[in-house]
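Single-letter residue listing:
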Amino acid sequence: QVELVESGGGLVQPGGSLRLSCTASGITVSIYDMHWYRQAPGKQRELVATVYSAGITNYADFVKGRFIISRENAKKTVYLQLNSLKPEDTAVYYCNAVLNKFNYWGQGTQVTVSS
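Residues numbered from 1 in each chain as written. Predicted model: local features only at pLDDT ≥ 70, side-chain atom pairs only at ≥ 80, totals over all residues. Heavy atoms only, no water.

**Quick look at the sheet that holds strand 1 (residues 3-7)**
The criterion, for reference: The criterion for strand pairing is that DSSP finds at least two bridges linking the strands in question. Under the scheme used here, helices are H or I runs from DSSP no shorter than 4 residues and strands are E runs no shorter than 2 residues, and both carry numbers assigned from the N terminus. Fitted lines through C-alpha atoms serve as axes, helices being fitted only where they are in contact, and the angles separating the N-to-C directions of these axes extend from 0 to 180 degrees.
Here four strands make up an open sheet; going across it, the order is 1-3-8-7 and the pairing antiparallel. A single partner strand is all that each edge strand has here, and the edge strands are strand 1 and strand 7 (67-72). When strand polarity is set aside, the average angle formed by the axes of neighbouring strands in this sheet is 15°. Bridging between strand 1 and strand 3 (residues 18-25) involves five bridges; their strand directions are antiparallel. The residue of strand 3 that forms the bridge with Val-5 is Thr-23.

Here's what the structure looks like:
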């Protein structure tokens, strides 16, 4: 059974920071491409950041320079460091693992940016 579990979300003021974690079980994380998505109420789920199995990273333009995605394969964990947070970053953040036809999702963790 495959499970992805996100953690680290919470309430933070604008300009603050948060570190999200996604810990996987049931898969070999090192060979999966790992993504973070987010979804705000009434909006489509959008891709935030990717770290490929080879270690290459990609970011959406709206978070570039503020967020950092990383992975620790031995811990079966992927991180998303969120810095300089804005109210528009408020969303549920989801972890996603992809390998060819395999595609797994976590339950999400809520990030709320508000003063």
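So, next bit.
**Re the side chain of Asn-96**
Applied cut-off: Note on exposure labels: buried denotes an accessible area under 20% of the residue type's maximum, exposed denotes more than 50%, and partly exposed covers the range between, all computed with a 1.4 Å probe on protein chains only. Each polar contact in these results corresponds to two N or O atoms within 3.5 Å; when the atoms are within protein, one needs to be able to donate a hydrogen and the other to accept it, and residues that are neighboring in sequence are counted only if both atoms are side-chain atoms. The criterion used for residue contact is that any of the two residues' heavy atoms lie within 4.5 Å.
Tracing the backbone through its elements, the reader meets Asn-96 in strand 9 (residues 91-99). Under the relative-accessibility criterion, Asn-96 is labelled buried at 2%. A distance of 2.9 Å separates the side chain of Asn-96 from the backbone oxygen of Tyr-104, its partner in a polar contact. Ignoring sequence-local partners within four residues, the contact set of Asn-96 consists of Leu-4, Asp-33, Met-34, His-35, Tyr-37, Asn-103, Tyr-104 and Trp-105.

**Considerations on the pairing of strand 5 (residues 46-51)**
Inspection of the sheet shows strand 4 (residues 33-39) paired to strand 5 by five bridges, in the antiparallel sense. Each residue of the ladder has a partner; that of Tyr-37, found in strand 5, is Leu-47. Between strand 5 and strand 6 (residues 57-59), which pair antiparallel and follow one another directly, the connecting turn spans five residues, one of which, Gly-55, has a positive phi of 100°.

**Thoughts on the nonpolar core**
Considering soluble globular proteins, one finds that nonpolar side chains tend to be buried as a cluster. Keep this limit in mind: Buried Ala, Val, Leu, Ile, Met, Phe, Trp, Tyr and Cys residues form a nonpolar core when they are joined through side-chain atoms within 4.5 Å.
Counting 30 residues, the largest nonpolar core has Met-34, Trp-36, Val-48, Phe-67, Ile-69, Leu-80 and Tyr-93 as its most contacted members. Those elements that place two or more of their residues in this core are strand 3, strand 4, strand 5, strand 7, strand 8 (77-82), strand 9 and strand 11 (109-113).

**Focus on the pairing of strand 4**
Judged by how many residues are buried, strand 4 sits mostly within the fold: five of seven residues are covered. Across seven bridges, the pairing between strand 4 and strand 9 is antiparallel. The residue bridging Asp-33 from the neighbouring strand is Val-98, located in strand 9. In sequence, strand 4 turns back onto strand 5 through a hairpin of six residues, with Gly-42 there showing a positive phi of about 75°.

**Here's the deal with the environment of Gly-8**
Along the chain, Gly-8 falls in the loop between strand 1 and strand 2 (10-12). Separated by 101 residues in sequence, Gly-8 and Thr-109 place their C-alpha atoms 7.2 Å apart. In contact with Gly-8, other than residues within four places in its own chain, are Leu-18, Arg-19, Leu-20 and Thr-109.

**Notes on the packing of aromatic side chains**
How two aromatic rings sit relative to each other is given by the distance of their centres and the angle of their planes. For the record, the criterion: Ring pairs are drawn from Phe, Tyr and Trp, using the six-membered ring of Trp, whenever the two centres fall within 6.5 Å, and their geometry is named by plane angle: stacked under 30 degrees, edge-to-face over 60, tilted for the rest. As a reminder, the over-ring test applies to NZ of lysine and CZ of arginine, requiring each to be within 6 Å of the ring centre and within 35 degrees of the ring normal.
This structure, assessed with the given rule, holds three aromatic pairs. On the numbers, 6.4 Å between centres and 15° between planes, the contact of Phe-102 with Tyr-104 is stacked. The exposure class of Phe-102 is partly exposed, given its relative accessible area of 36%. Linked through ring pairs, Tyr-32, Phe-102 and Tyr-104 together constitute an aromatic cluster. When the ring centre of Trp-105 is taken as origin, the NZ or CZ atom of Arg-45, which lies over that ring, is 4.9 Å away.

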